[in-house]
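For reference, the chains in residue letters:
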Amino acid sequence: MKLSARNQLKGRIVEIVKGATTSHVRIDVNGAIITSAITNESVADLQLEVGKTAYAYAVIKASSVMVGVD
């Protein structure tokens, strides 16, 4: 897999919560949980399932990153 995005975080899928059209996929990346909202069709096409590690990546590409403090 080759992508232009530099932030490719390999992890293990720990939860998939399916809604009417969108699923929330939670990926454990070295103890940090990344949540992605993708279509149910994409979950099926990618054959995503809990526990899958091989080829489970959180790929982050953004034009800006916001930082907040209390």
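Residues numbered from 1 in each chain as written. Predicted model: local features only at pLDDT ≥ 70, side-chain atom pairs only at ≥ 80, totals over all residues. Heavy atoms only, no water.

**Student:** Teacher, can you tell me more about the environment of V50 here?
**Tutor:** Here V50 lies in the loop between helix 1 (40–45) and strand 5 (57–60). Relative accessible area serves as the criterion here: at 55%, V50 is assigned to the exposed category. Along the chain, V50 and R26 lie 24 residues apart, while their C-alpha atoms are 9.0 Å from each other. (Helix = DSSP H or I, 4+ residues; strand = E, 2+ residues; numbered from the N terminus. Buried < 20%, exposed > 50% of the residue type's maximum accessible area, 1.4 Å probe, protein only.)

**Student:** Please clarify how the sheet that holds strand 2 (residues 12–18) should be interpreted in this entry.
**Tutor:** Through backbone hydrogen bonds, the strands of a sheet pair up, either in parallel or in antiparallel fashion. Strand order in the open sheet made by the 3 strands is 2-3-4, with antiparallel pairing throughout. Single-partner strands in this sheet number two, and they are strand 2 and strand 4 (32–39). Shown here is a sheet whose adjacent strand axes are inclined to one another by a mean of 20°, direction ignored. Alignment of strand 3 (residues 22–29) against strand 4, held across 8 bridges, turns out to be antiparallel. Within the sheet, the bridge partner assigned to V25 lies in strand 4 and is S36. (Pairing = 2+ DSSP bridges. Axes fitted to C-alpha atoms, helices over the stretch in contact; angles between N-to-C directions.)

**Student:** Can you walk me through the side chain of N40 in this structure?
**Tutor:** Looking at the secondary structure, you find N40 in helix 1. Take N40: its relative accessible area is 17%, and that puts it in the buried class. Every residue in contact with N40, bar those within four places of it in the chain, is listed here: K18, G19, A20, T21, T22 and S23. (Contact = heavy atoms within 4.5 Å.)

**Student:** Even after reading the chapter, I still don't get the pattern of salt bridges, so can you show me in this structure?
**Tutor:** Here the idea is simple: oppositely charged side chains can pair when their charged atoms come close. Evaluation of the coordinates by the stated rule reveals 1 salt bridge. Between E15 and R26 there is a salt bridge; the shortest N-O distance is 3.0 Å. Of this pair, E15 sits in strand 2 while R26 sits in strand 3, and the two are 11 residues apart along the sequence. The class of E15 is partly exposed, set by a relative accessible area of 34%. On the basis of relative accessibility, which here comes to 30%, the residue R26 falls in the partly exposed class. (Salt bridge = Lys/Arg side-chain N within 4 Å of Asp/Glu carboxyl O.)

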